[in-house]
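Observations on chain architecture
Chain by chain, the residues run as shown.
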There are 2 protein chains.
Amino acid sequence: MISQKSKYALRALLALAARPGGEPMLISEIAEQEVIPRKFLEQILLDLKRAGLVASRRGKAGGYLLLRRAETVTFGEVLRLIDGPLAPLPCLSKMAYRRCGDCANENACKLRKVFARVADATRDILDTTTLADVLQGGVKSLPVEI
Amino acid sequence: MISQKSKYALRALLALAARPGGEPMLISEIAEQEVIPRKFLEQILLDLKRAGLVASRRGKAGGYLLLRRAETVTFGEVLRLIDGPLAPLPCLSKMAYRRCGDCANENACKLRKVFARVADATRDILDTTTLADVLQGGVKSLPVEI
DNA sequence: TTTTAACCCGACTGAATTAGTATGCTTGTT
DNA sequence: AACAAGCATACTAATTCAGTCGGGTTAAAA
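Anyway, here's the lowdown on the structure attached to this text. (Residues numbered from 1 in each chain as written. Chains lettered and ligands numbered in written order. Predicted model: local features only at pLDDT ≥ 70, side-chain atom pairs only at ≥ 80, totals over all residues. Heavy atoms only, no water.)

Among all positions in helix α4 (residues 75-83) of chain A, only Phe 75, Gly 76, Val 78, Leu 79, Arg 80 and Ile 82 of chain A are buried. Positive backbone phi, at 90°, marks Gly 84 of chain A, one or two positions downstream of α4 of chain A. (Buried < 20%, exposed > 50% of the residue type's maximum accessible area, 1.4 Å probe, protein only. Helix = DSSP H or I, 4+ residues; strand = E, 2+ residues; numbered from the N terminus.)

Attention now moves to the packing of aromatic side chains. Residues and elements named next belong to chain B. Summed over all chains, the structure comprises four aromatic pairs over all chains. Taken together, a centroid distance of 5.8 Å and an interplanar angle of 85° make the contact between Tyr 8 and Phe 40 edge-to-face. Here Phe 40 lies in helix α3 (residues 38-50) and Tyr 8 lies in helix α1 (residues 4-18), a separation of 32 residues in the sequence. (Phe/Tyr/Trp six-rings, centres within 6.5 Å; stacked < 30°, edge-to-face > 60°.)

Residue and element names in this part refer to chain B. As judged from the four bridges shared by strand β1 (residues 54-57) and strand β2 (residues 63-66), these two strands associate in the antiparallel manner. Along β2, the bridge assignment pairs Ala 55 with Leu 65. Turn length for the β1-β2 hairpin, with the two strands adjacent in sequence and antiparallel, is five residues, and the turn residue Gly 59 shows positive phi of about 75°. (Pairing = 2+ DSSP bridges.)

This part takes up the protein's contact with DNA strand C. Among the 27 residues in the neighbourhood of DNA strand C, the closest are listed as Lys 49, Ser 56, Arg 58 and Tyr 64 of chain A together with Lys 39 of chain B. For DNA strand C, the fraction of atoms within 4 Å of the protein that belong to sugar or phosphate moieties is 67%. Within the backbone of Ile 27 of chain A, a nitrogen or oxygen atom sits 2.9 Å from a phosphate oxygen of DNA strand C. Take Arg 58 of chain B: an N or O atom from its side chain is 2.8 Å from a sugar or linking oxygen of DNA strand C. Of all the elements in the fold, those that place two or more residues in the surface near DNA strand C are α3 (38-50), β1 (54-57) and β2 (63-66) of chain A together with α1 and α3 of chain B. Looking at which element gives the most residues to the surface near DNA strand C, the answer is α3 of chain A, with seven residues. Among the residues making up the surface near DNA strand C, the classes are represented as seven nonpolar, eight polar and twelve charged. (Near = heavy atom within 4 Å. Polar contact = N/O pair within 3.5 Å; in protein donor to acceptor, adjacent residues only side chain to side chain. Nonpolar A, V, L, I, M, F, W, Y, C, P; charged D, E, K, R; others polar.)

Moving on: the nonpolar core. Counting residues in hydrophobic clusters, the biggest one holds 93 residues, and the most contacted among them are Phe 115 of chain A together with Phe 115 of chain B. Shared between two domains, this core holds at least three residues of each, these being domain 1 (4-66) and domain 2 (83-135) of chain B. When residues no more than four places from it in sequence are discounted, the contact partners of Phe 115 of chain A are Pro 88, Leu 89 and Leu 92 of chain A together with Ile 2, Leu 10, Phe 75, Leu 79 and Leu 126 of chain B. (Core = buried A, V, L, I, M, F, W, Y, C linked by side-chain atoms within 4.5 Å. Domains from an automatic or database assignment. Contact = heavy atoms within 4.5 Å.)

With that settled, the discussion passes to the interface of chain A and chain B. Listed by partner, the interface residues are 35 residues for chain A and 35 residues for chain B. Across the chain A to chain B interface the summed buried area is about 3400 Å²; carbon plus sulfur atoms make up 73%. Taken as a group, Met 1, Leu 111 and Arg 117 of chain A account for 22% of the area that chain A buries against chain B, more than any other trio of residues on that side. Connecting chain A to chain B are zero salt bridges. The interface formed by chain A and chain B holds two residue pairs in polar contact (both at pLDDT 80 or more) in total. For the side of chain A that touches chain B, the elements supplying multiple residues, two or more each, are α1 (4-18), α4, α5 (110-126) and α6 (131-135) of chain A. Here the side of chain A that touches chain B gets twelve residues from one element, more than from any other, and that element is α5 of chain A. (Buried area = accessible area lost by both parts, 1.4 Å probe. Salt bridge = Lys/Arg side-chain N within 4 Å of Asp/Glu carboxyl O.)

On to the protein's contact with DNA strand D. Taken together, 27 residues lie near DNA strand D, and Lys 39 and Gln 43 of chain A together with Lys 49, Ser 56 and Tyr 64 of chain B sit nearest. When atoms of DNA strand D within 4 Å of the protein are split into backbone and base, the sugar-phosphate part holds 70%. Contacts to DNA strand D include Arg 58 of chain A, whose side-chain N or O atom sits 3.1 Å from a sugar or linking oxygen. Lys 49 of chain B has a polar side-chain atom sitting 2.4 Å from a phosphate oxygen of DNA strand D. Only α1 and α3 of chain A together with α3, β1 and β2 of chain B provide two or more residues apiece to the surface near DNA strand D. With seven residues, the single largest contributor to the surface near DNA strand D is α3 of chain B. Tallied by class, the residues present in the surface near DNA strand D amount to seven nonpolar, eight polar and twelve charged.

Structure (structure tokens):
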């Protein structure tokens, strides 16, 4: 299960990406439109800003805007930023590898072999799907049953 | 990330499945061999027993044994039992569906479309990989680079 | 130049989950 | 009857989750 915070982050980014002309959007505007607790959203946007995904303007008539093109922001990147590694085992994370603590001989580990496939499948989807893909409705879905 | 408890459960089941003749194995035997805290493992085995995956014999010369054939026990089943739903969103779980709380129009939800693909890919792997597959080393791995 | 409406930031909190421990009870074999 | 095995409940310390609170800073407008 992904966290509520990640869901909020993705929805906020989608809202910004959908903004025509890329003009700034108020926190409260996003919060209302996407039904996200206002103060919590503030935190999230700050995280996204520190990561360089969005920019902000302060003072009256301020707001947030997407700093990068929607085609370059992947779901994987956002999820890693908020929730940490995508991999189901720490020893399978490419970005934040950690040894598993238990299993001594890592490439003999039976579990690892199975979960490596899960990790790769997950990455294949999340690291190739961008905000733009979703906005255009261009998300490949499963074969439609005829 | 899957929980430590799930990892222990899977390793314990693999140990039982590997037992020749299917003779019972002591908790402490499993605990030592797989390096799992003994009392914690007791709890886990009880869960697996209540779910009908293993059986136990009490008294001296007791122990645990696998109740079902190793070919019929999938990783998905074990993970669901210990960790709960596999799906990344509650509204995507086939076994334990719950509405998402926020998004009103579920099949218009942009996030859902993306994570549905992740959920399906995950299920494809975990619900088709069994204890037997892993034991035989028969886990399909990624294409070997030549 | 003062006001006002934005964003910025750290601290706090209540509930839930995780990864176990502790303590004792029941059961079956010897 | 004794011993060794599993059965069962309660407890706990640490962490995470999903926010809330209270103020500080900045910049445009009146």
